[in-house]
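# An overview of the molecular structure
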Amino acid sequence: MNVGCIILAFSLIVGTSSGSKGSQALKPPCRPGFSQNFYTVIVSRDLLHGQSLLKDTTLSSERVRFEDCQRSREVGFISNDPNFSVRPDGTVYTEQEVANLSEPVQFMVTAKGLHDPHIWETTVKLALAGHPHALSLTKAGIEEMLSRVWDSQPRVIRFSRKHQRSSSANGLRRQKRDWVIPPINVPENSRGPFPHMLVRIRSDQDKDVGIRYSITGAGADQPPSGIYNIDPVSGNMFVTQPLDREERASFHLRAHAVDMNGNQVENPIDLYIYVIDMNDNRPEFQNQVYNGSVAEGSKPGSSVMQVTAADSDDSTTANGMVRYRILSQTPHSPIPNMFTINSETGDIVTVAAGLDREKVSQYTIIVQATDMEGNLNFGLSNTATALISITDINDNPPELTVRTFSGEVPENKVNVVVTNLTVVDRDQPHSPNWNAVYRIVSGDPSGHFTIRTNPITNDGMLTVVKPVDFEMNRAFMLTVVVSNQAHLASGIQSSLQSTAGVTISVQDVNEPPVFPANPKTIRFEEGVPAGTTLTVFSAQDPDHFIHQTVRYSKLSDPANWLKINRTNGQITTMALLDRESMHVKDNVYEATFLAYDNGKSGSPQASGTGTLQIYLIDVNDNAPVLIPREAQVCERARPDSWIKITASDADADPNAGPFVFELPSFPSSVRRNWTIARLSGDYAQMRLRIFYLEAGVYEIPVIVSDSGNPPLSNRSVIRVKVCPCDDNGDCSTTGAVAATGLGTGAIIAILICIIILLSMVLLFVVWMKRREKERQAKPLLIDPEDDVRDNILKYDEEGGGEEDQDYDLSQLQQPESLDHIINKPTGVRRVDERPVIAESQYPVRPSLPHPGDIGDFINDGLRAADNDPTAPPYDSLLVFDYEGSGSTAGSVSSLNSISSGDQDYDYLNDWGPRFKKLADLYGGGDDD
């Protein structure tokens, strides 16, 4: 029992001490629960009042710690000892006065969330200060202690006795609290032999009755089952296999004692088994390769990166406490130890200055992680690689490769690269620290040049953006400065080689003649006669140092009104200038002329163009024209029946409106019937002067004059249709037709259409007549009077009337055999079935019979049918269509085929000429 207490106390102390040392070590993934499985709380003797502890006394500053992984869950602590409890902050205090604490006391504390079904348990042991509870914490001591725990004589765990005593006169009894069973510690990865006995469970009543022991819980009869078992007779409890703390760190079992009949003789007791951690897991890095970076030129102590390794062993013991160190650094420039690592956190920092990306752009560091707090003798280790990239800063200014650049450019050219400015920069290519920016600081006040950066080579392309003139500047001396997109790092100065001079020579080329005023605008009145000199449109040659002759020609003259003198550029008219021409836009006429030199000194000929704009001043040379040319009015004068007239004039103001409208004096009927009243400057109204004018079309002359000086007049004719009007003042349809005057062409077209239509009708009638004649002339096989083709109706089949539907339809079925017919007595004949005998021969009709022989043919056929026993009628085979109820036709199924002289065929004479021949044959007429 003492050994168990000692090892438990030792395990708590080891966990506490190691936890304090590794408070900043990397923790494995957080798991909610108590920080320890077993707590030892040392109670100071200063808290004793005599030998007692008062109620609500806080026993120690040490606390029971519960980790909720920042889930902010509300957790309550419950103690199974009524004398002691745990506050929400984890401090242990007395629930009531405790008389004596001379011996250590331990109890179970359960943590349970208010809204969480999970339950966590731990054990707390209380001992007065000065009570022996620890052993040496060396590795040898640990191994020795574990060996003693494993190999020592197992202790005996007894079921607690039930002590009952009277508490008052009313006979109430209370039960003394049960003893708290200390937990059972089992080291993981034991080699056996198995099963290995842990403890013995005993009941004090085993001397009186036969007791059977059992255990229940996870690890016994619940998954993972079979790890622990118990001898039901002796109560010896065994572990059957090696344990792994990383799979399961603790077990909670319950021991039971029953008699031979299965009756419970003891209350179940709780057994807590804790698996003692062994250092059987190496630290594992989260990544085998870590990537980090640090800027070049960083100061010592600059953070680079962090590497982390996790150990599956108990993090509260040295087995799970990981420490880091750097094994190697490659390359060793500028010194072998440029970096260091925090042994507990894994943070890598710089320890020396001198990082230069241009010399070493990346370092490779091998990092080792070792548990047992970094003890290389007992701890397990693992390694990982850290790749540290040195990031670039702008610590190298760009430098031009030469101090002076030169180039040349032809005059009047743009977007031409004069020269390339080459630069060297040792910073990271294609980064803001490397990209060059060029500026022209002097020598180009007019902005003829700019420098663009080549994004691939970083060179500066000096380009002409504004034409240069050889006659103005034969050369340029520029000063350029180069810098980076990013500012230079602190403490870095610009290089003298960042500035250079550029000499640019301008090449003279043959320039085309230039018109000083382009376009040139002149003003002239329209209508000037041909041969009039308008102006001199001359050009100048800008090549002052080359004497050349300029010649002129016409390039564009839409109306062909102008000509230019070839040598001096004088412009002369060849026709009248008309402002109203379609080639004049907004009173301006444009023509384009060409000036060219003779291209001396080996240069090609050059030419330039100029535009001449002639503004034509309007003169009154166009008479006005009346609008509209047609109108209509009512035959009776009405206040709202009038014609609104105006005029159009091709001239412009003041040679156009206002217009003057008047009726001529001849013929006199015009002024007698019509009148014109002025509405405005450009409009007037014309209406009937008389009350009534006969409907028709009238051509009325109107004289229109403009406002020019002198004015121009025009006699125009307006066609007015006078027609009857309805109440609304609109021309009626009849009146409109009557008043409408058709031209000769329209009348001719209408007559031609009528003639064509009549001709088509006549042709159709002639064709119908001819077809009728052909049909009548076609020969017939019989007399036309006997042609009864129009009266022949085709039916699918004929049938009897409604009176013939009462016969037995079963007689119509085809018999399966003919025996009943063949075997009938001789002389018996049925008229409803066909006789089975040879058929009679009927007379054959001649192919071309004479009409007179038809009667003989019919009589011969009738006699043959009368004597033919196989011929119809036999009623059962005659099928007729139903003609409907009330049919006037009689039954034809039983007609007697024997000719009777009493038959009267005179009614055939009433059927018309088509049945005359038949009536003659059977009626007994004159032809008989």
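For clarity, every value in this text was computed on a predicted model and none was experimentally measured. (Residues numbered from 1 in each chain as written. Predicted model: local features only at pLDDT ≥ 70, side-chain atom pairs only at ≥ 80, totals over all residues. Heavy atoms only, no water.)

## Re the overall build of the protein chain
Within the protein chain one finds eight helices and 52 strands. By residue count, 35% of the 928 residues in the protein chain fall in the buried class. Counting only carbon and sulfur atoms, one obtains 51% of the accessible surface of the protein chain, whose full area is about 54,400 Å². (Helix = DSSP H or I, 4+ residues; strand = E, 2+ residues; numbered from the N terminus. Buried < 20%, exposed > 50% of the residue type's maximum accessible area, 1.4 Å probe, protein only. Areas by Shrake-Rupley, 256 points an atom, 1.4 Å probe, with all protein chains shown as cover.)

## Here's the deal with the confidence of the model for the protein chain
In this model, the protein chain carries an average pLDDT of 78, and 76% of its residues clear a pLDDT of 70 or more. Below a pLDDT of 50 lies the segment residues 1-27, which in the model reaches 54 contacts outside its immediate sequence neighbourhood of four places, other chains included. Across residues 874-879, where pLDDT falls below 50, the model places 20 contacts with residues more than four positions away in sequence or in other chains. (pLDDT = per-residue confidence, 0-100. Contact = heavy atoms within 4.5 Å.)

## Considerations on the pattern of salt bridges
Considering all chains together, one arrives at 13 salt bridges under this definition. Taking the shortest distance from any N to any O, the salt bridge between Arg 357 and Asp 392 comes out at 3.3 Å. Of the two residues, Arg 357 sits in the loop between strand 26 (347-350) and strand 27 (362-370) while Asp 392 sits in the loop between strand 28 (381-391) and strand 29 (399-400), which places them 35 residues apart along the sequence. For Arg 719, the salt bridge goes to Glu 699, with nearest N and O atoms at 3.8 Å. Of the two residues, Arg 719 sits in strand 52 (residues 713-723) while Glu 699 sits in strand 51 (residues 696-705), which places them 20 residues apart along the sequence. Given a relative accessible area of 25%, Arg 719 falls into the partly exposed group. For Glu 699, a relative accessible area of 56% puts it in the exposed group. (Salt bridge = Lys/Arg side-chain N within 4 Å of Asp/Glu carboxyl O.)

## Looking at the nonpolar core
Within the largest apolar cluster, 27 residues are counted, with the highest numbers of intra-cluster contacts made by Ile 201, Tyr 228, Met 237 and Leu 271. Here Leu 271 is in contact with Ile 157, Ile 181, Ile 201, Met 237, Phe 251, His 252, Leu 253 and Ala 255, once residues within four sequence places are set aside. (Core = buried A, V, L, I, M, F, W, Y, C linked by side-chain atoms within 4.5 Å.)

## Describing the sheet that holds strand 28
The strand order across the open sheet built from four strands is 21-28-27-24, with neighbouring strands paired in mixed fashion. Unpaired on one side and paired on the other, strand 21 (289-295) and strand 24 (323-330) mark the two borders of the sheet. Mean inter-strand twist for the sheet, computed between neighbouring axes without regard to direction, equals 30°. Bridge count between strand 21 and strand 28: seven bridges; the pairing is parallel. Within strand 28, the position partnered with Asn 291 by the bridge is Leu 387. (Pairing = 2+ DSSP bridges. Axes fitted to C-alpha atoms, helices over the stretch in contact; angles between N-to-C directions.)

## Looking at the state of the cysteines
The tally for this structure, following the rule as stated, stands at one disulfide. Covalent S-S linkage joins Cys 634 and Cys 725, the inter-sulfur distance amounting to 1.8 Å. Linking Cys 634 and Cys 725, the disulfide has an S-S dihedral of approximately -105° and is accordingly described as left-handed. A residue pair is termed long-range when its members are at least 10 positions apart, and Cys 634 in strand 46 (residues 630-634) and Cys 725 in the loop between strand 52 and helix 4 (733-739) qualify at 91 residues. (Disulfide = S-S within 2.5 Å.)

## As for the packing of aromatic side chains
Aromatic ring pairs: the centre-centre distance and the angle between the two ring planes describe each pair. Scanning the entire structure with this criterion turns up 14 aromatic pairs. Look at Phe 285 and Tyr 290: their rings are 6.3 Å apart centre to centre, the planes differ by 70°, and that puts the pair in the edge-to-face class. The exposure classification of Phe 285 matches that of Tyr 290, with both residues buried. With 6.1 Å between their ring centres and 80° between their planes, Phe 537 and Phe 593 make a pair best called edge-to-face. Of the two residues, Phe 537 is situated in the loop between strand 39 (533-536) and strand 40 (551-556) and Phe 593 in strand 43 (residues 588-596); the sequence distance between them amounts to 56 residues. In this structure Phe 537 comes out as buried when scored by relative accessible area, which is 2%. Joined through ring pairs, the aromatic side chains of Phe 515, Phe 537, Tyr 552 and Phe 593 make up one cluster. Lying over the aromatic face of Tyr 93, Arg 87 brings its terminal NZ or CZ to 4.3 Å of the ring centre. The aromatic ring of Tyr 683 is capped on one face by Lys 644, whose charged end is 4.6 Å from the ring centroid. (Phe/Tyr/Trp six-rings, centres within 6.5 Å; stacked < 30°, edge-to-face > 60°. Lys NZ or Arg CZ within 6 Å of the ring centre and 35° of its normal.)

## Let's talk about the sheet that holds strand 31 (residues 417-421)
Spatially, the three strands line up as an open sheet ordered 31-35-34, and their pairing is antiparallel. The outermost strands of the open sheet, each flanked by one partner alone, are strand 31 and strand 34 (449-453). Between one strand and the next, the sheet's axes are offset by a mean angle of 25°, whatever the strand orientation. Pairing of strand 31 with strand 35 (residues 460-464) involves four bridges; the strand directions are antiparallel. Bridge pairing links Asn 420 to Met 461 in strand 35.

## Regarding the environment of Thr 533
Of note, Thr 533 is situated in strand 39. Note on Thr 533: relative accessible area 41%, which makes it partly exposed. When neighbours within four sequence positions are excluded, Thr 533 is seen to be in contact with Phe 524, Gln 570, Ile 571 and Thr 572.

## Focus on the pairing of strand 36 (residues 475-484)
When strand 33 (residues 436-442) meets strand 36, the two strands line up antiparallel, connected through six bridges. Across the sheet, the residue bridging to Ala 436 is Asn 484, located in strand 36. With seven bridges joining them, strand 36 and strand 37 (residues 499-507) adopt antiparallel strand pairing. From the neighbouring strand, Phe 476 faces strand 37, where its bridge partner is Ile 504.

## Comments concerning the side chain of Glu 411
Structurally, the position occupied by Glu 411 is in the loop between strand 30 (404-410) and strand 31. No salt bridge is formed by the buried Glu 411; the nearest opposite charge belongs to Arg 474, separated by 9.4 Å. Polar side-chain contacts of Glu 411 include one of 3.0 Å to the backbone nitrogen of Val 509. Other than its neighbours up to four places away in sequence, Glu 411 contacts Val 468, Asp 469, Phe 470, Glu 471, Val 506, Gln 507, Asp 508, Val 509, Glu 511 and Asp 543. (Lys, Arg positive; Asp, Glu negative; His and termini not counted. Polar contact = N/O pair within 3.5 Å; in protein donor to acceptor, adjacent residues only side chain to side chain.)

## Details of the environment of Asn 568
Tracing the chain through its elements places Asn 568 in the loop between strand 41 (562-564) and strand 42 (570-573). Residue classification places Asn 568 among the partly exposed residues on the basis of a relative accessible area of 35%. Filtering out sequence-adjacent residues up to four positions away, Asn 568 remains in contact with Val 536, Ser 538 and Tyr 552. A polar contact of 3.1 Å, which involves the side chain of Asn 568, links it to the backbone nitrogen of Gln 570.

## Structural notes on a nonpolar patch on the surface
On the surface, Leu 757, Val 761, Phe 764, Val 765, Trp 767 and Met 768 cluster together into a nonpolar patch covering about 600 Å² of accessible area. Considering the arrangement of structural elements, one finds Leu 757 in helix 5 (residues 744-777). For Leu 757, a relative accessible area of 54% puts it in the exposed group. (Patch = residues over 30% accessible without salt bridge, like charges linked within 9 Å, V, L, I, M, F, W, Y side chains within 5 Å.)

## Thoughts on the environment of Pro 658
In this fold, Pro 658 is placed in the loop between strand 47 (643-648) and strand 48 (660-662). In this structure, the C-alpha to C-alpha distance between Pro 658 and Thr 646, residues 12 residues apart in sequence, is 9.8 Å. Pro 658 has contacts with Arg 678, Gly 681, Asp 682, Ser 705, Asp 706 and Ser 707, leaving out every residue within four places of it along the chain.

## Observations concerning unusual backbone geometry
Most peptide bonds are trans, and most residues other than glycine sit at a negative phi. Going from Gly 192 to Pro 193, the amide bond is cis rather than trans, its omega being 5°. Assignment of secondary structure puts Pro 193 in the loop between strand 13 (184-187) and strand 14 (196-202). The linkage connecting Pro 223 with the following residue, Pro 224, adopts the cis geometry, with an omega of -5°. Checked against the element boundaries, Pro 224 lands in the loop between strand 15 (212-216) and strand 16 (228-230).

## Observations regarding the pairing of strand 27
Here strand 24 pairs with strand 27 via seven bridges, running antiparallel. Looking at strand 27, one finds that Arg 323 is bridged to Thr 370.

## Some details on the side chain of Thr 350
Locating Thr 350 in the fold gives a position in strand 26. Excluding anything up to four places from it in sequence, Thr 350 contacts Val 294, Lys 299, Pro 300, Gly 301, Ser 302, Val 304, Met 338, Phe 339 and Leu 355.

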